[in-house]
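Chains, contacts and geometry: an overview
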Amino acid sequence: MGLDQTIYGNTLSAWLIAAGIYAVTTLALWLLERYALRAFARFASQTRTSIDDLVAAVLGETKFGLILFVGLFAASLVLELDYVVALVIRRAAVIAIVVQGGIWASGAIAFLVRRFVDATEGEDAEAVTMVRALSFVGRLAVWSVVLLLILDNLGVEVAALLAGLGIGGIAVALAAQNVLGDLLASLSIILDKPFVIGDFLVIGDFQGSVEHIGLKTTRLRSLGGEQLILGNSDLINARIRNLGRMADRRGTLKIGVTYDTPRETLARIPGWIEEIVRTEEDIRFDRCHLSGFADSAIEFDTIFHMTVPDYGRFMDARQRMLLAIHEQFERHGVAFAYPTQVVYTIPAESAAGEPAGGPPKTG
């Protein structure tokens, strides 16, 4: 059999040339990718910039199976092929290049997110939450573009498809308003950042620490240990108290003493309380005043701030201050007031105009 022998419309020599081109192209692309990957990895280990690390990570996502389609297309250029066969090979090569581009773009997004998370996790949970969610949106956008390019390459009328998808999207949106509302609410939470993972929230009758912020729901861990699952749209529309953002904690002490306390002692009580409050660490004294005369007590109001918002430490400090005030009052003979009532009775006069009973009674 000579080299001029014709097989499927091409001479044997043409088939051999095509096979050589296929082998050389495939091997050259594979070696180029391997060499470039090792070169960038070696260069990245000697520098502090992250661009070379990014290039190395992207090249590492190159798929050898997709390189084969490019080699097949290069080999087909020297052959006389049927129009349909040539069109299939060309479209397969274009699809392979588009898919490889999508893999590279997705790998670049994953590398940037991983680098950011490693640098900030444990320090800025808010930013980590936002970047992870945006990376999902970015990858979704990349593969949406890849899908549209593939469909366009296959001859699908993309403009008509997009118009049809728009009409269908409206119908789906009307049928799934709650789900889409939660999805948009999750995006609002990520961008506006009213809370992040680790914050302690009070939402109506519910309270707990944020464990997970999902696309549809947010999960809290309550003080009782159970998990609370709330829809994102419900959270956006609710009034949220975020105790995790508390810079300091405001505290009050309301104390009442009996009415038989001497005026000189009443004037000294604010100074005693101020001295006790100022001895506590992480406590900033604000004020202490005699605030009013109640039914059963003369009342004093004290305001202070704890610069560390931890609730356990706040209650420990409050307990120490109350015990110290009790000791101070006990030392000076000041009595705490408690609800009491004095009843005065006036006896009715007898018919002769003389009192019908004895003196007023108290109790």
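Residues numbered from 1 in each chain as written. Predicted model: local features only at pLDDT ≥ 70, side-chain atom pairs only at ≥ 80, totals over all residues. Heavy atoms only, no water.

This next bit is on the overall build of the protein chain. Looking only at helices and strands, one finds ten helices and ten strands in the protein chain. When the 363 residues of the protein chain are sorted by exposure, 30% land in the buried category. Within the protein chain, contacts between residues separated by at least 24 positions form 58% of all contacts whose residues are at least 6 apart in sequence. Working note: accessible area of the protein chain is about 22,900 Å², and carbon and sulfur atoms make up 61% of it. (Helix = DSSP H or I, 4+ residues; strand = E, 2+ residues; numbered from the N terminus. Buried < 20%, exposed > 50% of the residue type's maximum accessible area, 1.4 Å probe, protein only. Contact = heavy atoms within 4.5 Å. Areas by Shrake-Rupley, 256 points an atom, 1.4 Å probe, with all protein chains shown as cover.)

Before going further, it helps to examine the environment of Gly256. With respect to the helices, strands and loops of the structure, Gly256 is situated in strand 8 (residues 249-257). Relative accessible area serves as the criterion here: at 16%, Gly256 is assigned to the buried category. Between the C-alpha atoms of Gly256 and Gly292, which are 36 residues apart in sequence, the distance is 9.6 Å.

With antiparallel pairing, three strands are arranged side by side in an open sheet as 8-10-9. One side of each edge strand has no neighbouring strand; the edge strands of this open sheet are strand 8 and strand 9 (283-293). Averaged over all pairs of adjacent strands, the angle between their axes in this sheet comes to 15°, without regard to strand direction. Bridge analysis of strand 8 against strand 10 (residues 298-306) gives nine bridges, and the strand direction is antiparallel. Of the residues in strand 10, the one forming a bridge with Gly251 is Phe304. Against the sheet, helix 10 (residues 311-331) touches strand 8, strand 9 and strand 10, its axis set at about 25° to strand 8. (Pairing = 2+ DSSP bridges. Axes fitted to C-alpha atoms, helices over the stretch in contact; angles between N-to-C directions.)

What follows is about the nonpolar core. By size, the foremost hydrophobic cluster in this structure holds 22 residues, and its most contacted members are Val257, Ile269, Ile273, Val277, Phe304, Ile325 and Phe329. For this core, the secondary structure elements donating two or more residues are strand 8, helix 9 (263-278), strand 9, strand 10 and helix 10. The element best represented in this core is helix 9, accounting for six residues. Discounting chain neighbours no more than four positions away, the residues touching Val257 are Leu266, Ile269, Ala297, Ile298, Phe300, Phe329, Val334, Ala335, Phe336 and Ala337. Formed by ten residues, the second largest nonpolar core is a distinct cluster that contains Leu201, Ile203, Ile213 and Leu235. (Core = buried A, V, L, I, M, F, W, Y, C linked by side-chain atoms within 4.5 Å.)

Let's shift gears to the packing of aromatic side chains. This structure, assessed with the given rule, holds five aromatic pairs. With a centroid separation of 6.2 Å and 25° between ring planes, the pair formed by Tyr259 and Phe293 is classed as stacked. With Tyr259 in the loop between strand 8 and helix 9 and Phe293 in strand 9, this residue pair connects regions lying 34 residues apart in the sequence. Lying over the aromatic face of Phe314, Arg249 brings its terminal NZ or CZ to 5.7 Å of the ring centre. (Phe/Tyr/Trp six-rings, centres within 6.5 Å; stacked < 30°, edge-to-face > 60°. Lys NZ or Arg CZ within 6 Å of the ring centre and 35° of its normal.)

Turning our attention to a nonpolar patch on the surface. Nonpolar side chains collect at one region of the surface, where Phe136, Val137, Leu140, Leu183 and Leu215 lie side by side and expose about 430 Å² of accessible area between them. Positionally, Leu183 belongs in helix 7 (residues 177-192). (Patch = residues over 30% accessible without salt bridge, like charges linked within 9 Å, V, L, I, M, F, W, Y side chains within 5 Å. Salt bridge = Lys/Arg side-chain N within 4 Å of Asp/Glu carboxyl O.)

This part is about the sheet that holds strand 7 (residues 240-242). Picture the strands of a sheet paired through backbone hydrogen bonds; they go either parallel or antiparallel. Ordered in space as 6-5-4-3-7, the five strands form an open sheet in which the pairing is antiparallel. Because the sheet does not close on itself, it has two edges, and the strands there are strand 6 (227-231) and strand 7. With strand direction ignored, the average angle separating the axes of adjacent strands in the sheet is 40°.

Another aspect to go through is the environment of Ile303. Along the chain, Ile303 turns up in strand 10. As a C-alpha pair, Ile303 and Gly251 span 52 residues in sequence and 5.9 Å in three-dimensional space. Apart from residues no more than four positions distant in its own chain, Ile303 is found in contact with Arg250, Gly251, Thr252, Phe285, Asp286 and Arg287.

This part covers the layout of surface pockets. Approximately 280 Å³ is the volume found for the largest pocket. Along the wall of the largest pocket there are 14 residues; nearest its centre are Leu29, Thr62, Ile67, Gln100 and Trp104. Elements with a minimum of two residues in the lining of the largest pocket: helix 1 (12-44), helix 3 (64-76) and helix 4 (83-120). Broken down by element, the lining of the largest pocket gets its largest block of residues, five residues, from helix 4. Partitioning the lining of the largest pocket into residue classes produces nine nonpolar, three polar and two charged. (1 Å grid on protein atoms, 1.4 Å probe; cavity = no way out; pocket = protein on both sides within 12 Å on 5 of 7 lines; lining within 4 Å. Points joined across faces, edges and corners; volume = space filled by probe spheres on them. Nonpolar A, V, L, I, M, F, W, Y, C, P; charged D, E, K, R; others polar.)

In this section: the packing of helix 9 against helix 10. To describe two helices that pack against each other, one gives the angle between their axes and the distance between the axes. Contact pair helix 9 / helix 10: the axes reach a minimum separation of 10 Å and the direction vectors enclose 140°. In this view, helix 9 runs oblique relative to helix 10, as classed from their interaxial angle. Handedness of the crossing formed by helix 9 with helix 10: right-handed. Contacts between helix 9 and helix 10 involve Ile269, Trp272, Ile273, Ile276 and Val277 from the former and Met321, Ala324, Ile325, Gln328 and Phe329 from the latter. Considering only residue class, the contact of helix 9 with helix 10 consists of nine nonpolar, one polar and no charged. (Parallel < 35°, antiparallel > 145°, perpendicular 65-115°, else oblique. Left-handed = near helix turned anticlockwise from the far one by under 90°.)

Quick look at the side chain of Ser222 now. Structurally, the position occupied by Ser222 is in the loop between strand 5 (217-221) and strand 6. Among the residues examined, Ser222 registers a relative accessible area of 9% and is labelled buried. Once you skip the residues sitting within four places of it in the chain, Ser222 turns out to touch Gln207, Gly208 and Leu228.

Time to look at the environment of Leu37. The topology assignment puts Leu37 in helix 1. The buried category is assigned to Leu37, whose relative accessible area is 18%. Remark: the alpha-carbon pair of Leu37 and Ala57, spanning 20 residues in sequence, is separated by 8.2 Å. Among residues more than four places away in sequence, those in contact with Leu37 are Ala56, Leu59 and Gly60.

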